[in-house]
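# Remarks on the overall topology
Spelled out from the first residue to the last, the chains are:
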Number of protein chains: 2
Amino acid sequence: MPRPRSAVPSSPSSASSDAGGSPTGPVRLGPGAKAALVPATVEIRAGFWDTRRAVNARTSIPQGPNLLESAGNLNNLRIVAGIAEGEFRGGYPFVDSDVYKWLEAASWQLARRTPEDGGPLAADVERIVALVADAQQPDGYLNTWFQLLKSGERYQDLRWGHELYCAGHLIQAAVAHHRSTGRTELLDVAVKFADHIDSVFGLPGSGKPIDGIDGHPEVETALVELYRETGERRYLDLAGYFVDRFGHGLLGGEAYCQDRVPLREAANVEGHAVRQLYLLAAATDLATETEDAELRAAAERLWSAMTATKTHVTGGLGAHHDEEDFGDPYELPNERAYCETCAAIASIQWSWRMALLTGEARYSDLIERTLFNGFLAGVSLDGESWLYVNPLQVRDGHTDPGGDQSARRTRWFRCACCPPNVMRLLASLEHYLASSDAGGLQIHQYATGRCTGDLDGTPVAVRVETGYPWQGTIGLTVEETPADRPWTLSLRIPQWCREFRVRCGDTVYDQSDAPVRDGWLRLERTWAPGDQVVLELALEPRLTVADPRVDAVRGCVAIERGPLVYCLEGVDHPGGGLDDIVLDTTRPLQVQHRPDLLGGVTTVVATGRRRHITDAGWWPYASADSAAPETDGDPVELTAIPYYAWANRQDGSMRIWLPTS
Amino acid sequence: MPRPRSAVPSSPSSASSDAGGSPTGPVRLGPGAKAALVPATVEIRAGFWDTRRAVNARTSIPQGPNLLESAGNLNNLRIVAGIAEGEFRGGYPFVDSDVYKWLEAASWQLARRTPEDGGPLAADVERIVALVADAQQPDGYLNTWFQLLKSGERYQDLRWGHELYCAGHLIQAAVAHHRSTGRTELLDVAVKFADHIDSVFGLPGSGKPIDGIDGHPEVETALVELYRETGERRYLDLAGYFVDRFGHGLLGGEAYCQDRVPLREAANVEGHAVRQLYLLAAATDLATETEDAELRAAAERLWSAMTATKTHVTGGLGAHHDEEDFGDPYELPNERAYCETCAAIASIQWSWRMALLTGEARYSDLIERTLFNGFLAGVSLDGESWLYVNPLQVRDGHTDPGGDQSARRTRWFRCACCPPNVMRLLASLEHYLASSDAGGLQIHQYATGRCTGDLDGTPVAVRVETGYPWQGTIGLTVEETPADRPWTLSLRIPQWCREFRVRCGDTVYDQSDAPVRDGWLRLERTWAPGDQVVLELALEPRLTVADPRVDAVRGCVAIERGPLVYCLEGVDHPGGGLDDIVLDTTRPLQVQHRPDLLGGVTTVVATGRRRHITDAGWWPYASADSAAPETDGDPVELTAIPYYAWANRQDGSMRIWLPTS
């Protein structure tokens, strides 16, 4: 198929000079956006996240093309482009999206221009971008499943066809490619596809042939970003049309597809978790760009309901394997916690949009929890294998079902949505760490590096140095500041933190007197280069309990330290399983940093005992007053590791929530 | 298609004179069987089960043909038989089995010759049997899905094709039809299909073209019964071949299909619950007929492991909606308990075979628990609607997913396996209640009626009168007995029962001195007609706790009374939901019989309180030492109803396990 002509100027992107914030991040607010904050420009230079990003850059992303090759995704595009023979492979109508998510990841990586982002990666991106362009049909349509298997059936199975879903990932990749490299080849493809979609979908009476929505939201938030990137208002309007058509039975009224109730009327999140979260990201984008107060209220209401009733302690979302759904309020099982890695990513993407829109710290509290726990567990420490589901418990005697929903790390999946999604989030991680507004700079997440904000055209920059999350000390040094204009350095005091100290020049505060409001420590000064702030967050390990309505963890505690949720793994507790262990809450928790273990982790050592359960025979239920008495068992030293690092040694049992009696 | 000639003599069945026990029950042991017990002949005359059976006979079974008509099952057969036009309907390759299960149910019903079993039902059976015969292919094959949609692809998708599964249900229906009516039309069809299967399947080197097994076990236990009915040893051998070919990777090695490990080596039940249980029923049949000690040991081992680690308190089996699977040991969730109605039925069928083989009472303990709870909840009190899944909890704010897996009763299912399965079990229920051996008569389940056993050719009969399960008194009167030969009347003392009294003539025992061994109260006498035994089981309501490894119910109790598990329903507790209720275990449980309620049930009234949970904001987890304190809430009277009767009034929440603090 002939390569389409460029519809976008091919000069380097003018994005970096826009007021919307970080030129190389996934969210750049439009000129009319009414957001409290805009993303700052952040460079991560060392420490915890730098290590994880380096593995992503050196291992995960470079392996992408080969994996996409062996799974068939790239060849599908070649067949469609007429440059290869063969049959459609990959099994699903959404396999093109894996290619696009990888392109997005690689594009964010290219933006950083580190040594490993050099020639080979750029060449891979260029090659695959060209392939995508070659596969596009002359009218802009592109979906290899339909082009190869369902020719003539475009948009006839919107519930399951994933055509707009794939378009959304293509658009996001194109925006990333343009923002990162200034090149327009992929953006041209995306624009052409978006124009095609805009010509097809609309309300009855609009003159568009189809009034419909995709069963998997994704194109909506992508279209808003395409509007932000191109300035073309039609894309924003199209996104708004799509978002508001959910909940009206166009997809049969299923909660799974977000079609049971309009978002504006919904009381809680429901249905397929990733679908719900991508849709909410789009709603937040729209509320930001259009000042739609009702949509904003819905997003705020649903975020609060979700966190209060449907979020696992890891930040993981989605309680059901079946349909990958949210469960009912407080239905938060451990063994069958679905907590899809993609849902964690979608949660971060949505919460960041909420943080920018509202300026409230709690959204970044959830992002922190999700990043360090429910998200990061999705990729192995070596960056080579993955978890699609992230349970909170693997039982002694677990029978692994295999396949995508295995609780064992897997090299790639039949439905390979999660790995490139992890790659794109890690490659753009700096985007989610800091923001600025007219009054100053806000540090949302603590990582060693540099944050540059924009005070109405005046840059301010702060250097951050920290051993977080292992150490609680965060040192900040002002590097750029206007000489005579006061501004506010805002530091998020994490929701989990009960004690801290902060030194700012000669002033020392602690939690009793620091100027903290709604989670933000606000330090307003006329700063000078070299000014230092040292924040010390107390990192005592703690035992956490759940709302009593979370039946699944009644009588249990979780060990946490700082932002990290801890777990026990069978491999650290030889001589028995984990399911007969009881934590002794009267004994102190000891912290031990273990540079040798799992790439270097701080462990929490606790004391427990093994139950002595008298064999009650064949029936495991008994009258309360005649149940076999449980005798005190042998004490056992318990070594808890950060949850994100589990499943990196050998198969076995794991649990986060520990019974206390 | 021409009706096949009869391959079986059409004279009335000689079954009733066989030594193998009840002529009209699903299990009749073969002449060489080595079982401890044989089924007795039981007539249910009044009481709890008589009511349930009457609803089955008057409502559920008669509605079957119309429902099978509207779902398309019957028309599929007509199309295949060349007497109707149209397309295959029903969506699944196993829809023929719904017809066969209904035929089995109707056949057992016909055997009882009660007024409602008269002309219309017999005519429906005759009509549908003729239709099945007309649909059979000349070589014996019959499966409308393959005949209509996959012509030429016979046995090429054994994992999902369900051809042998359907054959198994056809065979069971044919055996029932023959045993009940003496007619051979359906048995001819079954024999012809079985002979066809026997000509196709066998070990490599056997000269048979296919070495394979069906992804859904069922034909195996059916073939053993066909051997028992016809005396044709080939069917027993074929069943043995099939059972032993599971676990060798013929189906890809999946646990779901029982193909991960051979049954003889398995340590616990796993995979799809119904598949596992039907396979184990067949293994037990084979162990009974062939004295295969290894197979018997496997069945005993797996039964014990299943009950001890994978059975819900209702007797429900299968912890996962996804794949309808057993979970891991002690993974017994409440909200997402799958507990398919068919799995409860399969459990009863298997346990009964174990009871006959071993003579042990515990198998009938599980049958009782399952009958009164996990099974009976599957059908509404009016016999018109059904549950496919039987959760132990429906939360406040539950979002019903609809479809087959709804926790709301449904008129019929897309996958309609459960309703006719319930019908066939209720229609043959008397088969599971009593047995005899050379030494006497064993009463396994208590229902008003008459039990007739066979002591090496000499009949013994006992009349039973009881208000069980509402009352604990069971009166037994000897009606037939040899004059001068002592024999043992064995009464099962239920596993849940801790106190009882029994009067036998002038002798009175209680639990401290009664001759009870392994669950059987053994009363050996030289009996005379009119001799009476009165057994009084104490029915105090009790609070039940679970093995501490059942994490899902930590800190909770269940209310039970006799064989019944109780639950709370939202409709009985206005003014709030159920999920904030705490049971006060220090207050007594009151029993109240309510003839007005749910067809007449004994309720248990308890005292609880509603939690006052201080709103902790958006995050439902907190440090154990800083969590919002819970204050004592308002006392609330709790009305618990038998679990089997739930979901018969209005949609709402429900829970069995109640927190105690």
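Residues numbered from 1 in each chain as written. Chains lettered and ligands numbered in written order. Predicted model: local features only at pLDDT ≥ 70, side-chain atom pairs only at ≥ 80, totals over all residues. Heavy atoms only, no water.

Much of the literature gives interface size as the accessible area that the parts lose upon coming together. Taken together, the contact between chain A and chain B spans 63 residues of the former and 63 residues of the latter. For the chain A and chain B pair, buried surface summed over both sides reaches about 5,400 Å², with 54% attributable to carbon and sulfur atoms. Three residues stand out in chain A for area buried against chain B, namely Trp 618, Trp 619 and Tyr 621 of chain A, and they jointly supply 16% of the buried area on that side. Across the chain A-chain B interface, the total number found is eight salt bridges. Across the pair Asp 625 of chain B and Arg 498 of chain A runs a salt bridge, and its minimum N-O distance is 3.4 Å. Elements supplying a minimum of two residues to the side of chain A that touches chain B: helix 11 (293-309), helix 13 (362-375), strand 15 (542-546), strand 22 (621-623) and strand 26 (657-659) of chain A. If one sorts the elements of the side of chain A that touches chain B by residue count, strand 15 of chain A sits on top with five residues. Grouping the amino acids of the side of chain A that touches chain B by side-chain chemistry returns 23 nonpolar, 17 polar and 23 charged. Alignment of strand 22 of chain A against strand 15 (residues 542-546) of chain B, held across three bridges, turns out to be antiparallel. (Contact = heavy atoms within 4.5 Å. Buried area = accessible area lost by both parts, 1.4 Å probe. Salt bridge = Lys/Arg side-chain N within 4 Å of Asp/Glu carboxyl O. Helix = DSSP H or I, 4+ residues; strand = E, 2+ residues; numbered from the N terminus. Nonpolar A, V, L, I, M, F, W, Y, C, P; charged D, E, K, R; others polar. Pairing = 2+ DSSP bridges.)

Residues and elements named next belong to chain B. With their axes 11 Å apart at the nearest point, helix 7 (residues 185-200) and helix 9 (residues 233-245) run at an angle of 50° to one another. Relative to helix 9, the element helix 7 lies oblique. For the crossing formed where helix 7 meets helix 9, the hand is left-handed. Between helix 7 and helix 9, the contacting residues are Val 191, Ala 194, Asp 195, Ile 197 and Asp 198 on the first element and Arg 234, Tyr 235, Leu 238 and Phe 242 on the second. Split by residue class, the contact of helix 7 with helix 9 holds six nonpolar, no polar and three charged. (Axes fitted to C-alpha atoms, helices over the stretch in contact; angles between N-to-C directions. Parallel < 35°, antiparallel > 145°, perpendicular 65-115°, else oblique. Left-handed = near helix turned anticlockwise from the far one by under 90°.)

We now examine the relation of the copies chain A and chain B. Placing chain A over chain B gives an RMSD of 0.0 Å and needs a rotation angle of 180°, together with 0.0 Å of translation along the axis. These values place the two chain copies in the arrangement generated by a two-fold rotation axis. Of the residues that chain A buries at the interface, 100% are likewise interface residues in chain B, meaning the two copies contact each other through the same surface. (Least-squares fit on C-alpha atoms with pLDDT ≥ 70 in both.)

Residue and element names in this part refer to chain B. Position of His 196 among the secondary structure elements: in helix 7. Polar side-chain contacts of His 196 include one of 2.9 Å to the side chain of Tyr 155. In contact with His 196, other than residues within four places in its own chain, are Asp 139, Gly 140, Tyr 141, Arg 154 and Tyr 155. (Polar contact = N/O pair within 3.5 Å; in protein donor to acceptor, adjacent residues only side chain to side chain.)

Quick look at the sheet that holds strand 6 (residues 448-455) of chain A now. Residue and element names in this part refer to chain A. On the basis of which strands lie adjacent, the open sheet formed by seven strands has the order 2-6-7-8-14-10-11 and antiparallel pairing. This sheet does not close on itself; its edge strands, each paired only once, are strand 2 (41-46) and strand 11 (507-510). Here the average twist between neighbouring strands, direction ignored, is 15°. Sheet topology places strand 8 (residues 473-480) next to strand 14 (residues 532-537); five bridges connect them, and they run antiparallel. Note on strand 14: the bridge partner recorded for Thr 477 is Gln 532.

What follows concerns the confidence of the model for chain A. Residues and elements named next belong to chain A. Looking at chain A, pLDDT values average 93 and 95% of them are 70 or higher. Here residues 1-22 is a poorly scored stretch, pLDDT under 50, and it has 48 contacts once near neighbours within four places are set aside; other chains count. For this predicted complex, the interface score ipTM comes out at 0.92, alongside a pTM of 0.93. (pLDDT = per-residue confidence, 0-100.)

Across a sheet, strands are paired by hydrogen bonds formed along the backbone, either parallel or antiparallel in direction. Residues and elements named next belong to chain B. Taken in spatial order, the seven strands make up an open sheet running 2-6-7-8-14-10-11, and their pairing is antiparallel. Bordering the open sheet on either side are strand 2 (41-46) and strand 11 (507-510), each of which pairs with just one other strand. This sheet shows a mean twist of 15° between the axes of neighbouring strands, independent of strand direction. Looking at chain direction, strand 10 (residues 500-504) and strand 11 are connected through four bridges and run antiparallel. By the bridge assignment, Arg 501 is partnered in strand 11 with Asp 510.

All names here are of chain A. Across the junction of Tyr 468 and Pro 469, the peptide omega takes the value 5°, indicating a cis bond. Relative to the helices and strands, Pro 469 is located in the loop between strand 7 (458-466) and strand 8. The backbone phi angle of His 162 is positive, close to 60°, even though this residue is not glycine. On the secondary structure map, His 162 appears in the loop between helix 5 (144-149) and helix 6 (163-181). Using a relative accessible area of 2% as the deciding quantity, one classes His 162 as buried. Although it is not a glycine, Asp 518 adopts a positive phi angle of roughly 55°. Mapped onto the elements, Asp 518 comes out in the loop between strand 12 (516-517) and strand 13 (520-525). Here Asp 518 falls in the exposed class, since its relative accessible area comes to 69%. (Buried < 20%, exposed > 50% of the residue type's maximum accessible area, 1.4 Å probe, protein only.)

This next bit is on the pattern of salt bridges. All names here are of chain A. One pass over the full model with this rule turns up 102 salt bridges over all chains. Close ionic contact of Arg 159 with Glu 254 constitutes a salt bridge, the shortest N to O distance being 2.5 Å. Taken together, the positions of Arg 159 in the loop between helix 5 and helix 6 and Glu 254 in the loop between helix 9 (233-245) and helix 10 (273-290) put the pair 95 residues apart, joining distant regions of the chain. One continuous salt-bridge network, built from bridges that share partners, spans Arg 28, Arg 179, Glu 225, Arg 228, Glu 229, Asp 285, Glu 289 and Arg 353.

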